[in-house]
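What follows is each chain in one-letter form.
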Amino acid sequence: MSMKYNPGKIESKWKKLWLKKKIYEPDLKNAERPFYTLMMFPYPSAEGLHIGGVRTFTGVDIYGRFKRMQGYDVFEPIGLDGFGIHSENYALKIGKHPTRLVPITEKNFYRQLVATGNAFSWDEALETYDPDYYRWTQWIFIQMFKRGLAYRKKAKVNWCPSCLTVLADEQVVSGECERCGSPTIKKDLEQWFFKITDYAERLLNNLPKLDWSENIKIAQEHWIGRSEGALIKFPILDSQISIEVFTTRPDTLFGATYMVVAPEHPLVETLKNRIQNWKEAEKYISAAAKRSEIERTAEGKEKTGVELKGVRAINPANKEEIPVYIADYVLFGYGTGAVMAVPAHDARDYAFAKKFNIPAPVVIDGGQEEMLYVGAGRLINSGKFSSMQSDEAKRAITEFVGGTLKVQYRLRDWLISRQRYWGPPIPMIFCGVCEKAGMGERKDALGWYTVPESELPVRLPFVKDFRPKGTGESPLASVKSFYEIPCPKCHKPARRETDVSDTFLDSAWYFLRYPSVSDSRQAWNSGITNRWLPVHMYIGGAEHAVLHLLYARFLTMVFYDWKLVGFEEPFTTFRAHGLITKGGAKMSKSKGNVVNPDDYFKRYGADTMRMYLAFLAPFAEGGDFQDSGIAGITRFLNRVWEFSNAHAKKTSSEFSPGDEKVIKSVHKAVKKVTEDIAELHYNTAISALMVLLNEFEAKPAAVNREDVGIFLKLLAPFAPFITEELWQKFFADKKSRSHSIHLESWPAFDKKLIVDETVVVVVQVNGVMRDKFEIKNDASEEEVRTKVLSLEKVKHYVPDVSKIKKFIYIKNKIANIVLQ
RNA sequence: GGGCGAGUGGCGGAAUGGCAGACGCAAUGGACUCAAAAUCCAUCGGGGGCAACCCCAUGAGAGUUCGACUCUCUCCUCGCCCACCA
């Protein structure tokens, strides 16, 4: 009889053949129905591919294969985000230079990805550490500088004392470094920033138009954090100086009994001479600077601060003299770095005022005796504004004190420079001579010049000691041959920028490069880009909601404004995938519950693993990986193999005339699998295939050769190898040029065939199920009623027909008799 | 503290206003076997009953509805994200 199903053998055969025949390479220049499907850029960790990563890649692949069979020219590129702190930290840990580590991890990662059986377009693979790629990352930086969107600024920035580099706000998670988990501190450093804040409003306003997982959109909305309020000036007594605050509650201005400025606020230094307790203030300021973000916030609601004695401000609404404090509960980076404090109507101010015995007059009638009321309401004790409602009062009071209405965003500019080794050098040159002479490429950045585009890439030199220095300078700052360079303008000795750019810059534009990888003269070919992008189906982790996904949107918007791309948003559809746990816990080395894909793929085969990962839980939700569950898929594929071998090769004389029910089941399965894949409900699509096979096996004589063919096509996106083998064996037309099942067309279903001639109607009495019966489809309510009342069970529960209050019939589904 | 999501058999999960537990795992019994594995058949939420059947059950409690796992409110638990943003 037939040979046994041997996944190892058929998988290695088809893996090679698919690559050789390039069946997954679309015609990038001429494709008529482009469909770009993409999984978030992976970074090649030396441990190799994570099983969760396998699941996500495969999830994207199932969708791509489905679209390809539906007639689309599917582009599913792959590459590695190998530059950056994550890769460098690993290199540091094992004491191997990143340049030596890269070829090893790259080879291993690509080998694993081939093993998954994914239909990647390998010809377009790219790596961020490849000079052919990062020259364009540098090119982007140059354009950003030239157009004023990249700038240098001395600022209090997040510093990771373990990674010894600065970090963007998005990379500080709960006061900890996103990479290594160390508590971060604030450091005063001059750094490069991208002006993402210029795009805050558009990044926010476009969100509703995007077909993205809702939670991701909400996360971005919160991160951008729009709030409407007012800028109001509080004059300082006996001076020309005033303190400006941003407030969302100008309606509570009459209740402002003190002010707070952030310890980092430059105004504090300006007022130094007036501050009678300067020593105390100074002590507080330097202590605040040293404390980590965690310490600053972990002390939680316990407020600290120092009154600036000798400095008094005037509340512009009621002209009262009020004290000024410094306290670290006020953030320098938000608003103006100073607040007016209204203890009666703000929880933080309330806590602070209580501790420092500051009065808290009530100015909004909260309808309760409670001191603290943060809601809106009717104004009291507010002079001529008393009895006004908050909404109206906001505008009126702002106007009264000469303030201005203002929209404030929480989003800050993207800190782009890193004092590390493993990244693209920032392509800038600084000339001290030009700076003194008032020269520079941009008037607001004296002394700074971009590297001429013809000289790109600025290659990352080999630096033996690539460890971060912790001095605020990158290891490149120790390589004279790298940074010593004549000024492009005055030709005097100048200095190259030695910082590298953030990894997130590498990954913020890679999807634009993929279709144009072969083009060595430009970052992307706009004709090809506009043909293929925006990415039609993008899938990745929710943890990138405010990192990668925000940065990618920002850059795309910028390129759109520069007319380099014809679309404003990079990803039409985005779906977040779920997390895979093992034994109910996140996989981690320390817990010893990490699933190594290599072992499993070798043992069970790619088809089985692909299907198991898709079957174990809804794709978007994630679930628990259990070894025992794999057996179910192994059995299923064995049965597919056996059944196909036994029935697909029947000669025509052996064909069954076909059983009506089997045909209907096949059409129903086509509908269900088609709809489920489109919704990424892979688990239920697979269960539908299992149901169909169960039915095939129950009445094999009624199964046609054609039914088997349809079944294999439906299964093909999930199990590409076994279906290809069986298709080639029994169905493929050997003469046609390419006869892969994966290039066959997706089965259609006949609407007429999925409707049953009879339906089962459930009978309820007072909402409790009592009986059911079969009746012809779309029977009239009268027919149903007659039938229902004739049932023995119904007679038992409804002895007196006159007691029927209501008869409810939902067509083809249910009949409910309601008694009084 | 805020936001988002989730709570259904021994387990993963299905059903999103209409027969709760599809599909699969595990388990139990049986067939095959000298035996085991594999495979096949049967049982498989709880309680009652010889049985036909009946009752209870989707984290807890209320509500809306002829009818609620599904919608609304309150509470509890868990997960993820953000977190002194004025």
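Throughout, a residue's number is its position along its own chain's written sequence, starting from 1. Going through the entries in the order they are written, you letter the chains from A and number the ligands from 1. pLDDT decides what is reported in this predicted model: residues at 70 or higher carry local features, side-chain atom pairs at 80 or more are listed and counted, and totals for whole chains, interfaces and linings draw on all residues regardless. Excluding hydrogens and water, the side-chain figures rest on all heavy atoms present in the structure.

- The name an unreviewed UniProt entry gives chain A is Leucine--tRNA ligase, with Candidatus Sungbacteria bacterium RIFCSPHIGHO2_01_FULL_47_32 as the organism.
- UniProt positions are given in the numbering used here, feature names are shortened, and annotations may be inferred rather than shown by experiment. Per its UniProt entry, chain A bears the Subcellular location (unreviewed entry) comment "Cytoplasm".

### Section: the overall build of chain A
Here is step 1: A count of helical and extended segments in chain A gives 27 helices and 35 strands.
Here is step 2: Taken along its principal axes, the extent of the C-alpha atoms in chain A is 105 × 85 × 50 Å.
Here is step 3: Within the span of chain A, comprising 820 residues, buried residues form 55% of the whole.
Here is step 4: Residue contacts are defined here by distance: any two heavy atoms, one from each residue, within 4.5 Å place the two residues in contact. Relative to all contacts within chain A whose residues are 6 or more apart in sequence, the contacts with residues 24 or more apart total 72%.
Here is step 5: Using a 1.4 Å probe, accessible areas were evaluated by the Shrake-Rupley method; residue-level cover was limited to the displayed protein chains. Of the roughly 36,600 Å² of accessible surface on chain A, a fraction of 51% belongs to carbon and sulfur atoms.
Here is step 6: Counting 115 positive and 101 negative side-chain charges, chain A places the averaged centre of each group 3 Å from the other. Under the scheme used here, helices are H or I runs from DSSP no shorter than 4 residues and strands are E runs no shorter than 2 residues, and both carry numbers assigned from the N terminus. Any residue under 20% of the maximum accessible area for its type is buried, any over 50% is exposed, and the rest in between are partly exposed; the area is computed with a 1.4 Å probe on protein chains only. Counted as positive: Lys and Arg. Counted as negative: Asp and Glu, with His and the chain ends omitted from the count. Taken as the charge location is NZ of Lys, CZ of Arg, CG of Asp or CD of Glu.

### Focus: the UniProt feature "domain: Aminoacyl-tRNA synthetase class Ia" (unreviewed entry) in chain A
Here is step 1: Within this numbering scheme, the UniProt entry marks residues 14–217 and 411–618 as carrying the feature "domain: Aminoacyl-tRNA synthetase class Ia" (unreviewed entry).
Here is step 2: Spanning residues 14–217, this segment combines 40% helix with 21% strand, and its end C-alpha atoms are found 40 Å apart.
Here is step 3: Here residues 411–618 runs as 27% helix and 15% strand, with 33 Å between its end C-alpha atoms.

### Topic: the packing of helix H1 (residues 7–21) against helix H25 (residues 720–730)
What describes two packed helices is the angle between their axes and the distance between those same axes.
Here is step 1: Here an angle of 0 to 180 degrees is reported between the N-to-C directions of two axes, which are lines fitted to C-alpha atoms, with helices fitted over the stretch in contact. H25 packs onto H1 with a crossing angle of 85 degrees between their chain directions and a minimal axis gap of 9 Å. The orientation of H1 with respect to H25, classified from their angle, is roughly perpendicular. Mapping the contact onto sequence places Ile10, Glu11, Lys13, Trp14, Lys15 and Trp18 in H1 and Pro720, Phe721, Ile722, Glu724, Glu725 and Gln728 in H25.
Here is step 2: Only Asp, Glu, Lys and Arg are considered charged, only Ala, Val, Leu, Ile, Met, Phe, Trp, Tyr, Cys and Pro nonpolar, and every remaining residue, Gly among them, polar. For the contact of H1 with H25, the residue count by class is six nonpolar, one polar and five charged. Put simply, angles under 35 degrees are roughly parallel, angles over 145 are roughly antiparallel, angles from 65 to 115 are roughly perpendicular, and the rest are oblique.

### Details of the protein's contact with RNA strand B
Here is step 1: The nearness test applies per residue and asks whether one of its heavy atoms lies within 4 Å of the molecule or strand. Around RNA strand B, 53 residues are found, and the nearest of them are Thr248, Arg348, Arg635, Lys772 and Asn816.
Here is step 2: If you look at RNA strand B and keep only atoms within 4 Å of the protein, 62% of those are sugar or phosphate atoms.
Here is step 3: At 2.7 Å, a backbone N or O of Tyr329 approaches a sugar or linking oxygen of RNA strand B.
Here is step 4: Within the side chain of Tyr334, a nitrogen or oxygen atom sits 2.6 Å from a phosphate oxygen of RNA strand B.
Here is step 5: When residues of the surface near RNA strand B are assigned to their parent elements, the largest contribution, six residues, is made by helix H23 (residues 682–698).
Here is step 6: Considered class by class, the residues forming the surface near RNA strand B number 20 nonpolar, 20 polar and 13 charged. In protein, a polar contact means a hydrogen-donor-capable atom and an acceptor-capable atom, both N or O and within 3.5 Å, with residues adjacent in sequence counting only if both atoms are side-chain atoms; elsewhere, any N or O pair within 3.5 Å suffices.

### Here's the deal with the confidence of the model for chain A
Here is step 1: Averaged over chain A, the pLDDT score is 90; the fraction of residues at 70 or greater is 97%.
Here is step 2: Here the predicted complex carries an ipTM of 0.94, next to a pTM of 0.92. Confidence scores labelled pLDDT are given residue by residue by the predictor and lie between 0 and 100.

### So, the packing of aromatic side chains
Here is step 1: Two rings from Phe, Tyr or Trp (for Trp, the six-membered ring) form a pair when their centres are within 6.5 Å of each other. A pair whose planes differ by under 30 degrees is stacked, one over 60 is edge-to-face, and the rest are tilted. Across all of its chains, the model carries 61 aromatic pairs by this definition.
Here is step 2: With 5.3 Å between their ring centres and 90 degrees between their planes, Tyr600 and Phe625 make a pair best called edge-to-face. Taken together, the residues span a long stretch of sequence, with Tyr600 in helix H19 (residues 597–604) and Phe625 in strand E31 (residues 624–625) at a distance of 25 residues.
Here is step 3: Accessibility expressed as a relative area gives 11% for Tyr600, which makes it buried.
Here is step 4: With relative accessibility at 1%, the residue Phe625 sits in the buried group.
Here is step 5: Look at Tyr682 and Phe718: their rings are 6.0 Å apart centre to centre, the planes differ by 80 degrees, and that puts the pair in the edge-to-face class. Placement of Tyr682 in helix H23 and of Phe718 in the loop between helix H24 (705–715) and H25 is noted, with a sequence separation of 36 residues between them. Phe718 carries the same exposure label as Tyr682, and that label is buried.
Here is step 6: Cluster of aromatic residues (ring-pair linked, three or more members): Phe141, Phe145, Trp192, Phe194, Tyr199, Trp414, Phe430, Trp448, Phe504, Tyr551 and Phe554.
Here is step 7: A positively charged side chain is recorded as over a ring if its NZ (Lys) or CZ (Arg) lies within 6 Å of the ring centre. The angle to the ring normal must also be within 35 degrees. Between Arg495 and the ring centre of Tyr483, over which it is positioned, the NZ or CZ distance is 4.0 Å.
Here is step 8: Directly above the ring of Trp212 sits Arg553, whose terminal nitrogen or CZ lies 5.9 Å from the centroid.

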